[in-house]
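Inside the fold
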Amino acid sequence: MHTPSEFTAGLLRDNWLRVTAQVAQSCQAAGREPQSVRIVAASKYVEAELAWQLAEAGCQLFGENRPQALWDKVGYFAERSRLSSGDKRPAVEWHLIGHLQRNKIQRSLPMLTLLHSLDSYRLAQAVSQAALAMERRMPVLLELNVTADATKTGMSPAQVEELLANIDGLPGLEVRGLMAMSSLEADALRARQEFEQVRAWRDQWQSALGTKIQLDELSMGMSGDFDAAIAAGSTLVRIGSSLWQGL
Ligand SMILES: *Cc1c(COP(=O)(O)O)cnc(C)c1O
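Residues numbered from 1 in each chain as written. Predicted model: local features only at pLDDT ≥ 70, side-chain atom pairs only at ≥ 80, totals over all residues. Heavy atoms only, no water.

Structural notes on the overall build of the protein chain
Assigned secondary structure in the protein chain consists of nine helices and eight strands. Against the 2.2 N^0.38 benchmark of 18 Å for 247 residues, the protein chain shows a C-alpha radius of gyration of 18 Å, consistent with a compact globule. Projected onto its principal axes, the C-alpha positions of the protein chain cover 50 × 45 × 35 Å. Classification of the 247 residues of the protein chain by burial places 51% in the buried group. Taking as baseline every contact in the protein chain between residues at least 6 positions apart, the subset at least 24 positions apart corresponds to 68%. (Helix = DSSP H or I, 4+ residues; strand = E, 2+ residues; numbered from the N terminus. Rg over C-alpha atoms; globule rule 2.2 N^0.38 Å. Buried < 20%, exposed > 50% of the residue type's maximum accessible area, 1.4 Å probe, protein only. Contact = heavy atoms within 4.5 Å.)

So this is what it looks like as structure tokens:
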């Protein structure tokens, strides 16, 4: 991997333009507005300065997998931002897309505008409690596992239903939608079917909930399957490899 330089800045600008164009093309093919899908740059592969260069190229939304790496990159961005002149200072949001351990909630929540990976009732209770103590409601997605992969994280549909049935007891949460991954072995067709399944669960739960909760966001799709995810209704594509390609 190259160290950050003018060369990597140029490469990341090219990658950003290519990926945004591909996402726009998938939207067009699906008959959707390009603004209806946001790109979350999965930053787990790179050091903070390379992520910063992607932000300078125009990326405004980053997703980190591990809380410790989130803290490090958010700290780096704050320092980098302080040192750069006003008009060249990219404003970015951070999401967490990997598992959040309960002892890392306190420190992570203030840095996040969305937690994609709410994967258990126990975590939901702890996040709700911590958010209330901070006098805020934490926007979250419920991570749904519709695949048979033993390695995949997330809740079963039954677990999500149980959580939604008890949502009044979780006043610190603002549930915004669902997050899902396709199974490891999935080809494009299989991925599309799995994403359609996630959307079908969302539609079913949304009609049961009425206007009480808006499950508007679907976080689905990565470098290899975002086209299928967008066709199935994704609003947040989490893209890593394609954005860092060539480094
Ligand atoms: C790494 C990662 C991504 C991005 O995957 P790519 O295939 O590199 O685009 C998306 N979501 C999660 C949860 C990840 O860990």
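Now that the structure has been shown, we can carry on.
With respect to the site of the ligand
Taken together, Ala 42, Lys 44, Tyr 45, Asn 65, Ile 97, Met 181, Met 222, Ser 223, Arg 238, Ile 239, Gly 240 and Ser 241 make up all the residues around the ligand. In the model, an oxygen atom of the ligand is placed 2.5 Å from a nitrogen or oxygen of the Ser 223 side chain. Here the ligand loses 89% of its free accessible area of 380 Å² to cover by the protein chains. A majority-of-atoms criterion places the ligand in the second largest pocket. (Near = heavy atom within 4 Å. Polar contact = N/O pair within 3.5 Å; in protein donor to acceptor, adjacent residues only side chain to side chain. Areas by Shrake-Rupley, 256 points an atom, 1.4 Å probe, with all protein chains shown as cover. 1 Å grid on protein atoms, 1.4 Å probe; cavity = no way out; pocket = protein on both sides within 12 Å on 5 of 7 lines; lining within 4 Å. Sits in = over half its atoms within 2 Å of the grid points.)

Overview of the nonpolar core
Among the nonpolar cores identified, the biggest contains 69 residues, and Val 23, Phe 62, Leu 118 and Val 127 are the most heavily contacted of them. Among all residues touching Leu 118, those that are not within four sequence positions of it are Leu 123, Ala 124, Val 127, Val 140, Leu 141, Leu 142, Glu 143, Met 155, Leu 163 and Leu 173. Counting six residues, the second-largest nonpolar core is a separate cluster that includes Val 40, Leu 114, Met 179 and Leu 236. (Core = buried A, V, L, I, M, F, W, Y, C linked by side-chain atoms within 4.5 Å.)

As for the packing of helix α1 (residues 6-29) against helix α2 (residues 48-56)
Direction vectors running N to C along α1 and α2 enclose 55°, while the axes themselves pass 9 Å from each other. In this view, α1 runs oblique relative to α2, as classed from their interaxial angle. Once α1 is placed against α2, the crossing between them reads as right-handed. For the pair α1 and α2, contact is made by Thr 8, Ala 9, Leu 12 and Trp 16 and by Leu 50, Gln 53 and Leu 54, respectively. (Axes fitted to C-alpha atoms, helices over the stretch in contact; angles between N-to-C directions. Parallel < 35°, antiparallel > 145°, perpendicular 65-115°, else oblique. Left-handed = near helix turned anticlockwise from the far one by under 90°.)

Some thoughts on α1
Between its terminal C-alpha atoms α1 stretches 35 Å, which fits the 34 Å expected from 24 residues at 1.5 Å a residue. If you check which residues of α1 are buried, you get Thr 8, Ala 9, Gly 10, Leu 11, Leu 12, Asn 15, Trp 16, Val 19, Val 23, Ser 26 and Cys 27. Looking at the buried positions of α1, the neighbouring elements they touch are β1 (38-42), α2, α8 (226-231), β8 (236-239) and α9 (241-244). For α1, the N-terminal capping position is held by Ser 5, with its side-chain oxygen 3.1 Å away from the main-chain nitrogen of Phe 7. Trailing α1 by a residue or two, Gly 31 shows a phi angle of about 70°, which is positive. (Expected span 1.5 Å × (residues − 1).)

Section: the pairing of strand β2 (residues 61-64)
Side chains Leu 61 and Gly 63 of β2 all project onto a buried face; the interleaved residues Phe 62 and Glu 64 project onto the opposite face, where all are buried too. The sheet contact formed by β1 and β2 spans two bridges and is parallel. The partner of Ala 41 across the bridge, within β2, is Phe 62. Taken together, β1, α2 and β2 constitute a β-α-β crossover, and its handedness is right-handed. Across four bridges, the pairing between β2 and strand β3 (residues 93-96) is parallel. Among the inter-strand pairings, Phe 62 is bridged to a residue of β3, identified as Trp 94. (Pairing = 2+ DSSP bridges. Right-handed = clockwise from strand over helix to strand, strands pointing away.)

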